Amino acid sequence: SVEGLSESIIEKVKRHPCYSEEAHHFFARMHVAVAPACNIQCKYCNRKYDCMNESRPGVTSELLTPEEATQKVLAVGSVIRNTTVVGIAGPGDPLANPRQTFRTFELIRQAAPDMKLCLSTNGLALPDHVDTIRELGIDHVTITINAVDPEVGQHIYRYVTWQGKLLRGIEAARLLLERQMEGMRELVKAGILIKVNSVLIPGVNDVHMADISAEVRKRGAFLHNIMPLIIADGSDFQKEGRRAALPEDVAAAQERSGAGDRLMRHCRQCRADAVGLLGEDRSGEFTKEKFRQMS
Ligand code: CLF
Ligand code: SF4
């Protein structure tokens with residue numbers, strides 16, 4: 001529903017397939033996998049694969065340089081003409097690789113000025129980069145927030161690396177949360193649209209999900225996307241014997257969240273190199289080998 005939204009927000013969401021349920025039937029997004037490193041370790045992640053904050057486990061995307069990423073954008077744009085958004089969502093955390101990430105956006109901005117730019121992050125490094133995000137005209141940022149209470153968060157992250165130190169337990173969870181909230185505050189000030197992704201982990205943050213939803217909306221997030229935990233091979237959660245989240249877990253959390261039409265319900269947990277409409281995986285048509293031949 002678009003009722004009560006300002007013109008500028010409608011303008012930003014109406015052709016973004018993740019931000020508008022309606023748009024996802026008509027407009028495609030693509031990801032470029034330029035960001036290999038990460039600055040934290042989530043217990044649901046196995047680093048052999050793509051960042052799970054926006055992806056399903058077990059998928060490994062082909063890493064691109066900023067120049068290759070730009071070539072891919074032009075190639076995809078010439079074939080899938082309804083591509084309106086280019087996102088960076090991995091395979092690690094985009095803001096743990098700021099040089100590659102921002103160089104890529106800069107080159108895409110020059111080569112394909114009509115593309116909307118989108119970024120997904122765990123938020124740890126976010127406050128350091130909001131100025132750059134604004135200057136580059138990146139209108140959409142997703143932050144993955146799995147807890148708004150360090151008592152809960154301490155069970156979700158094995159560690160956080162910060163200014164050359166390795167933090168664990170509640171200290172790690174507290175720092176990550178502070179940085180996420182600071183980043184959100186700065187994004188709101190800069191007029192950038194925020195989506196929050198939360199991975200629903202049964203027995204860890206399932207009943208906490210309503211608090212997350214209320215807190216992030218209070219702080220200005222436009223959308224909340226509750227994603228089911230998928231158990232990745234080799235992840236800490238697999239070793240702990242945890243179970244995946246079921247559709248009914250997500251439905252119950254959505255219901256309790258009270259977030260109404262500010263819930264994203266059509267997420268397809270994309271790959272870091274996804275291409276095409278949500279749920280339509282065309283990444284295989286645009287491997288490095290293939291898009292190089294096209295240009
Ligand atoms: Fe990509 Fe994410 Fe931008 Fe969309 S995906 S960086 S906001 S352009 Fe979309 Fe895919 Fe769900 Fe992400 S369906 S995993 S929410
Ligand atoms: Fe893995 Fe992404 Fe978490 Fe980093 S932020 S540990 S890449 S899921």
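Going by the structure above, here's the rest.
The rules behind these values
- Residue positions are counted from 1 within each chain, in the order its sequence is given.
- Here every chain gets a letter starting at A, and every ligand a number starting at 1, in the order they are written.
- The predicted origin of the model limits local features to residues at a pLDDT of at least 70 and limits the giving and counting of side-chain atom pairs to 80 or more, whereas totals for whole chains, interfaces and linings rest on all residues.
- Just so you know, side-chain values use all the structure's heavy atoms and leave hydrogens and water out.
- For our purposes a nonpolar core is just a set of buried Ala, Val, Leu, Ile, Met, Phe, Trp, Tyr and Cys residues, chained together by side-chain atoms within 4.5 Å.
- Burial here depends on accessible area, computed with a 1.4 Å probe over protein chains only, as a share of the maximum for the residue type. Under 20% is buried, over 50% is exposed, and the range in between is partly exposed.
- Secondary structure elements follow DSSP: runs of H or I of four or more residues count as helices, runs of E of two or more count as strands, with numbering from the N terminus.
- Only heavy atoms matter for contacts: two residues are in contact if any of them lie within 4.5 Å across the pair.
- Two strands make a pair as long as DSSP finds a minimum of two bridges between them.
- The convention used is that axes are lines fitted to C-alpha atoms, helices contributing only their stretch in contact, and that angles between N-to-C directions extend from 0 to 180 degrees.
- Pairing of aromatic side chains requires ring centres within 6.5 Å, counting the rings of Phe and Tyr and the six-membered ring of Trp. Pairs whose planes differ by under 30 degrees are stacked, by over 60 edge-to-face, and all others tilted.
- A molecule or strand has a residue near it when one of that residue's heavy atoms lies within 4 Å.
- Only protein atoms enter the calculation, which uses a 1 Å grid: trapped sets of points that fit a 1.4 Å probe without letting it out are cavities, open sets showing protein on both sides within 12 Å along at least five of seven lines are pockets, and any residue with an atom within 4 Å of a point is a lining residue.
- Whether a molecule lies in a cavity or pocket depends on its atoms, and more than half of them have to be within 2 Å of the grid points.
- Note that Gly is not counted as nonpolar here; it falls among the polar residues with everything else outside the nonpolar set of Ala, Val, Leu, Ile, Met, Phe, Trp, Tyr, Cys and Pro and the charged set of Asp, Glu, Lys and Arg.
- A helix is expected to span 1.5 Å multiplied by its residue count minus one.

1. Focus: the nonpolar core
Generally speaking, nonpolar side chains in soluble globular proteins are found buried as a group.
Okay, so step 1: If you look at the biggest cluster of nonpolar residues, it comprises 74 residues, and the most contacted ones within it are Val32, Tyr44, Ile138, Val141 and Ile145.
Okay, so step 2: Element by element, the count of residues in this core is highest for helix H6 (residues 169-189), at seven residues.
Okay, so step 3: Those residues in contact with isoleucine 138 that sit more than four places away from it in its chain are Phe102, Phe105, Leu117, Cys118, Leu119, Ile133 and Ile192.
Okay, so step 4: Within the second largest apolar cluster, eleven residues are counted, among which are Leu193, Phe222, Met264 and Ala274.

2. Concerning the sheet that holds strand E8 (residues 193-200)
Two modes of strand pairing occur in sheets, parallel and antiparallel, and in both the strands are linked by backbone hydrogen bonds.
Okay, so step 1: An order of E10-E9-E8-E5-E4-E3-E1-E11 is seen for the eight strands of this open sheet, with the pairing classed as mixed. The open sheet terminates on both sides in strands that have one partner only, identified here as strand E10 (263-264) and strand E11 (275-276).
Okay, so step 2: Pairing between strand E1 (residues 28-31) and E11: two bridges, direction antiparallel. The partner of methionine 30 across the bridge, within E11, is valine 275.
Okay, so step 3: Of the strands in this sheet, strand E5 (140-144) and E8 are in contact with H6, which crosses E5 at around 165 degrees.
Okay, so step 4: Against the sheet, helix H9 (residues 247-257) makes contact with E8, strand E9 (223-228) and E10, and its axis sits at roughly 155 degrees relative to E9, the strand it touches most.

3. A look at the packing of aromatic side chains
Okay, so step 1: Overall, the coordinates contain one aromatic pair when judged by the stated rule.
Okay, so step 2: On the numbers, 6.4 Å between centres and 20 degrees between planes, the contact of tyrosine 19 with phenylalanine 222 is stacked. One end of the pair, tyrosine 19, is in the loop between helix H1 (7-13) and E1; the other, phenylalanine 222, is in the loop between helix H7 (209-218) and E9, with 203 residues separating them in the sequence. Of the two residues examined, tyrosine 19 and phenylalanine 222, each falls in the buried class.

4. Things to note about the site of ligand 2
Okay, so step 1: The environment of ligand 2 is made up of Cys38, Ile40, Gln41, Cys42, Tyr44, Cys45, Arg47, Cys51, Met52, Asn53, Gly92 and Asn122.
Okay, so step 2: Using a 2 Å cut-off from the grid points, one finds that ligand 2 occupies the second largest cavity.
Okay, so step 3: Taken together, the residues that form the shell around ligand 2 break down as seven nonpolar, four polar and one charged.

5. Concerning helix H2 (residues 66-79)
Okay, so step 1: Between its first and last C-alpha atoms H2 spans 20 Å; for 14 residues at 1.5 Å apiece the expected length is 20 Å, and the two agree.
Okay, so step 2: Of the surrounding secondary structure, the elements contacted by the buried residues of H2 are E1, strand E3 (83-88), helix H3 (98-111), E11 and helix H10 (288-294).

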